[in-house]
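As a plain string of letters, each chain reads:
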Amino acid sequence: MCNFDLKATFSLPNEIPDGITVVGNDRPTEFTPEVDPDYKFRVDLIRDMMGFWVSGERAMLIIGHSGSGKTSMIEQWHARLNLSLLTVVAHPRMEIADLVGHFVPTASGGMEFHYGPVARAAKEGLSVLIDEYFVLDPGVATGLNALLQGGMLYIPETGEAIRPKEGFRVFAATNPADIGAGYFGRNTQDAANQDRFYTIRVGYPKAEEETPLVQKVLMQQGIEDEAVALMFAERMVDVANRVRNLYCGESDDAGAIDITLSTRSLKRWAALFMMFSQVEKPEHYALQRAVTNRASRETAKAIHDVVDLVFGVAA
């Protein structure tokens, strides 16, 4: 184990005071996520993570819209600190045995108990991420309650009592349980279950944080002039933020649209904008393939009207 300087590790030289450290491993483990060198940490999320890390809490719930950076934040925190992170994606048919463990056949014809990701993390003092947490059946989520507050996990199949080892933490990432915002199949979890979580909400990055990401994509795809790439990146981010303000997940307006532009789809739009730069109105052509071909006709028109306004293109 070793101490990492928070300011240097997360590349936030102007936002974090000197002398703040966090403990990590001196080298990655087999379960450490890959470092994304292009990932940009946001000071508000690092503040939330650090607060959780030193609070003594066992479980963090991260709620946010699609593509807002919920999962990547958790992954890159562990990647930079060389820490293990077991990840499982929830689905509607998931049972508690998928998280805790079950017997599996062996090559010799016998049976062996296979620990699920949550039980293994508890035994070994690791972090575990349950992605799409609100897709879980509430009864399954409730089965984790004892562990989430630091209690013992009893496995009746083996008679084993697992007392979580130091370092065990559960992260649960999810979209809101909001059908009106286009998120289907999400459940409102039991209040007692949610009460066990340190909970944060993740929004989309600020324009000044997102613009360099889009600019880098444009330059990687062929724009050599930094100022030109910046101009187009600023326009694309402006479009994204205007669309987000119109999105029904954020707006209560009767005419709110049913999809939004995530950072992921924004970067896809930038890459396709360069790929199809020779076609007529490439900003529209690329955006159709990145996002709006899956939107309703009314939503697509509203989004492309925003593009026309920002790019100064006649309708």
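Look up: the structure comes first, before these words.
This structure is a prediction, so every number in the text was calculated from the model and none was measured. (Residues numbered from 1 in each chain as written. Predicted model: local features only at pLDDT ≥ 70, side-chain atom pairs only at ≥ 80, totals over all residues. Heavy atoms only, no water.)

Some details on the pattern of salt bridges
Okay, step 1: Applying the stated criterion to the full structure yields nine salt bridges.
Okay, step 2: Measuring nitrogen to oxygen at the nearest pair gives 2.4 Å for the salt bridge that ties Asp 18 to Lys 7. Of this pair, Asp 18 sits in the loop between α1 (6-9) and β2 (21-24) while Lys 7 is found in helix α1, placing the two residues 11 residues apart along the sequence.
Okay, step 3: Overall, Asp 18 belongs to the exposed group, its relative accessible area being 65%.
Okay, step 4: The exposure class of Lys 7 is buried, given its relative accessible area of 18%.
Okay, step 5: Of the charged contacts, one joins Arg 27 and Asp 26 as a salt bridge, the two residues approaching to 3.7 Å between their closest N and O atoms.
Okay, step 6: Overall, Arg 27 belongs to the exposed group, its relative accessible area being 56%. (Salt bridge = Lys/Arg side-chain N within 4 Å of Asp/Glu carboxyl O. Helix = DSSP H or I, 4+ residues; strand = E, 2+ residues; numbered from the N terminus. Buried < 20%, exposed > 50% of the residue type's maximum accessible area, 1.4 Å probe, protein only.)

Digging into the packing of aromatic side chains
Okay, step 1: Under the counting rule described, the total for this entry stands at 14 aromatic pairs.
Okay, step 2: Here Phe 52 and Phe 171 contribute two aromatic rings whose centre-to-centre distance is 5.4 Å and whose plane-to-plane angle is 65°, an arrangement assigned as edge-to-face. Taken together, the residues span a long stretch of sequence, with Phe 52 in helix α2 (residues 43-55) and Phe 171 in strand β10 (residues 169-174) at a distance of 119 residues.
Okay, step 3: With a relative accessible area of 0%, Phe 171 lands in the buried category. (Phe/Tyr/Trp six-rings, centres within 6.5 Å; stacked < 30°, edge-to-face > 60°.)

Brief notes about the pairing of strand β5 (residues 101-105)
Okay, step 1: Bridging between β5 and strand β6 (residues 111-115) involves five bridges; their strand directions are antiparallel. Its bridge partner being in β6, Gly 101 is matched across the sheet by Tyr 115.
Okay, step 2: In sequence, β5 turns back onto β6 through a hairpin of five residues, with Gly 109 there showing a positive phi of about 95°. (Pairing = 2+ DSSP bridges.)

Brief notes about the packing of helix α11 (residues 263-275) against helix α12 (residues 282-290)
Okay, step 1: At their nearest, the axes of α11 and α12 sit 8 Å apart, and the two run at 135° to each other. Between α11 and α12, the crossing angle belongs to the class labelled oblique. Regarding α11 and α12, the two cross each other, and that crossing is right-handed. Residues Ser 265, Arg 268, Trp 269, Leu 272 and Phe 273 of α11 pack against Pro 282, Glu 283, Ala 286, Leu 287, Arg 289 and Ala 290 of α12.
Okay, step 2: For the contact of α11 with α12, the per-class residue count stands at seven nonpolar, one polar and three charged. (Axes fitted to C-alpha atoms, helices over the stretch in contact; angles between N-to-C directions. Parallel < 35°, antiparallel > 145°, perpendicular 65-115°, else oblique. Left-handed = near helix turned anticlockwise from the far one by under 90°. Contact = heavy atoms within 4.5 Å. Nonpolar A, V, L, I, M, F, W, Y, C, P; charged D, E, K, R; others polar.)

Quick look at the side chain of Glu 210
Okay, step 1: If you trace the backbone, Glu 210 turns up in helix α9 (residues 207-220).
Okay, step 2: Since its relative accessible area comes to 0%, Glu 210 is described here as buried.
Okay, step 3: In contact with Glu 210, not counting residues within four places along its chain, are Pro 205, Val 237, Arg 244, Thr 263 and Leu 266.

A few points about helix α5 (residues 117-124)
Okay, step 1: Of the positions making up α5, those classed as buried are Pro 117, Val 118, Ala 119, Ala 121 and Ala 122.
Okay, step 2: Just beyond α5, the residue with positive phi is Gly 125, at close to 75°.

Section: the environment of Ala 192
Okay, step 1: Relative to the assigned elements, Ala 192 resides in helix α8 (residues 191-194).
Okay, step 2: Note: C-alpha distance between Ala 192 and Val 306 (114 residues apart in sequence) is 43 Å.

A look at the packing of α2 against helix α3 (residues 70-80)
Okay, step 1: Between α2 and α3, whose axes approach to 11 Å, the crossing angle comes to 65°. One way to sum up the angle between α2 and α3 is to call them roughly perpendicular. Judged by the sense of rotation from one axis to the other, the crossing of α2 with α3 is right-handed. The residues of α3 that touch α2, namely those facing Leu 45, Ile 46, Met 49, Met 50 and Trp 53, are Met 73, Ile 74, Trp 77 and His 78.

Quick look at the environment of Leu 83
Okay, step 1: With respect to the element layout, Leu 83 can be found in the loop between α3 and β4 (85-89).
Okay, step 2: Residues Leu 83 and Pro 33, 50 residues apart in the sequence, show an inter-C-alpha distance of 8.1 Å.
Okay, step 3: When near neighbours in sequence (up to four residues on either side) are disregarded, Leu 83 contacts Val 23, Gly 24, Asn 25, Phe 31, Thr 32, Pro 33, Trp 53 and His 78.

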